[in-house]
Amino acid sequence: MGKPLPDLIGDCYGFLTVLSFYGKTTGKRPEKLWMCECECGNTVKVRQGNLRSGHTQSCGCHMKRRIAETNKKHGMKHTSEYIAWQNMKGRCLNPNDKSYPRYGARGISVCNRWLDSFENFYLDMGAKPSSTHTLERVDFDKDYCPENCKWATYKEQNRNYSRNVYIEYDGRKMCLKDWADEVGLENSLLRYRIRAGWSIHQALFKPVK
C-alpha cells in the first residue's frame, strides 16, 4: 500500500493558498501537483516540492511587482542586460512562463544575491560584450549564480545544450561538433561512427572513402 497523500488543502505558502489536489507530473519521478489560488485571484498548478521549499510563492504577480519597484531605482529597464535578468527570473520562478518546464520545474533557480537585485546581477556580470551575447549557465544542471554564468554567443550556448555529445580523446574533452570541425569531418558522419560503436580514434581519423 502506498504512502498516504499529505493534505495540503488550506495551507498557505507565500502568497498561495492550496485549493485542491490536481494530480501528478509525468516522467520517471512523478511529483504531486496542487491547484493553488494566489492573493491576486489567479489560480496556478504548483509542484509539491516547490511549495514546501518556498521556490514558488505566487502565480508570478509578486515577481512583477518587485521588478516594477526595481525599475525605479536603476534606470536600466529597457537595456538588454535588464531584459536578460528579467527573463532569467521568469524561466525559474513563473509557472506561467513558457520556458518554466525546462527551468523552474526542473529545479533550476536564481541565487539569493540576484533574486531581488538587478544591481547585484549587473555588478557581477557587467555589460554584454555585444548584441549577440546572451546569458548562459556553464553547468546546464546548476542554478543561475555568479559562479555558473557568463555572457556567451549563440554558437557557444548551442555547444552547452544537454543533448550535445561530448568526446574525450588524448586528454582533451570537446563536444562532437568541435571535434568534427577540427578533424575535417561532417558532424553527421562523426555522430554515425560513434553510434555505430567505432573506437574514438577510428571515428576521428579514419579517412572517408
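Residues numbered from 1 in each chain as written. Predicted model: local features only at pLDDT ≥ 70, side-chain atom pairs only at ≥ 80, totals over all residues. Heavy atoms only, no water.

1. A look at the packing of helix 7 (residues 176–183) against helix 8 (residues 187–195)
- Running from amino to carboxyl end, helix 7 crosses helix 8 at an angle of 115°, the nearest separation of the two axes being 9 Å. The angle between helix 7 and helix 8 falls in the class roughly perpendicular. Considering how the two elements wind past one another, helix 7 and helix 8 form a crossing that is right-handed. Mapping the contact onto sequence places Leu176, Lys177, Trp179 and Ala180 in helix 7 and Asn187, Leu190, Arg191 and Ile194 in helix 8.
- Considered class by class, the residues forming the contact of helix 7 with helix 8 number five nonpolar, one polar and two charged. (Axes fitted to C-alpha atoms, helices over the stretch in contact; angles between N-to-C directions. Helix = DSSP H or I, 4+ residues; strand = E, 2+ residues; numbered from the N terminus. Parallel < 35°, antiparallel > 145°, perpendicular 65-115°, else oblique. Left-handed = near helix turned anticlockwise from the far one by under 90°. Contact = heavy atoms within 4.5 Å. Nonpolar A, V, L, I, M, F, W, Y, C, P; charged D, E, K, R; others polar.)

2. Overview of the environment of Ser199
- Here Ser199 lies in the loop between helix 8 and helix 9 (200–205).
- Overall, the relative accessible area of 34% leaves Ser199 in the partly exposed class.
- Polar side-chain contacts of Ser199 include one of 3.2 Å to the backbone nitrogen of Gln202. (Buried < 20%, exposed > 50% of the residue type's maximum accessible area, 1.4 Å probe, protein only. Polar contact = N/O pair within 3.5 Å; in protein donor to acceptor, adjacent residues only side chain to side chain.)

3. Quick notes on the packing of aromatic side chains
- Within this structure, the stated rule accounts for 11 aromatic pairs.
- Taken together, a centroid distance of 4.9 Å and an interplanar angle of 85° make the contact between Trp114 and Phe121 edge-to-face. For the pair shown, Trp114 and Phe121 are each scored as buried.
- Measuring from ring centre to ring centre gives 6.3 Å for Tyr169 and Trp179, while their planes differ by 80°; the resulting arrangement is edge-to-face. Separated by 10 residues along the polypeptide, Tyr169 in strand 7 (residues 166–169) and Trp179 in helix 7 bring together distant segments of the chain.
- Classification of Trp179 by relative accessible area gives buried; the value is 2%.
- Among the aromatic residues, those joined into a cluster by ring pairs are Tyr82, Trp85, Trp114, Phe118, Phe121, Tyr122 and Trp151.
- Its guanidinium or amino end placed over the ring of Tyr22, Lys45 lies 5.1 Å from that ring's centre, counting from NZ or CZ.
- Just above the ring of Tyr144 sits the side chain of Arg137; from NZ or CZ to the centre is 5.1 Å. (Phe/Tyr/Trp six-rings, centres within 6.5 Å; stacked < 30°, edge-to-face > 60°. Lys NZ or Arg CZ within 6 Å of the ring centre and 35° of its normal.)

4. A closer look at the pairing of strand 8 (residues 172–175)
- Pairing geometry for strand 7 and strand 8, over four bridges, is antiparallel. In the sheet register, Tyr169 faces strand 8, and the bridge partner there is Arg172.
- Between the antiparallel neighbours strand 7 and strand 8 lie two residues, among them Asp170 with a positive phi of about 55°. (Pairing = 2+ DSSP bridges.)

5. Observations concerning the environment of Pro95
- In this structure, Pro95 sits in the loop between helix 3 (80–93) and helix 4 (112–115).
- Classification of Pro95 as buried rests on a relative accessible area of 18%.
- Residues Pro95 and Ala105, 10 residues apart in the sequence, show an inter-C-alpha distance of 7.8 Å.
- Setting aside chain neighbours within four positions, we find Pro95 in contact with Val44, Lys45, Thr56, Ser58, Cys59 and Tyr100.

6. Topic: the sheet that holds strand 1 (residues 12–13)
- Ordered in space as 1-2-3-4, the four strands form an open sheet in which the pairing is antiparallel. Looking at strand neighbours, the two that pair on one side only are strand 1 and strand 4 (43–47), the edges of this open sheet.

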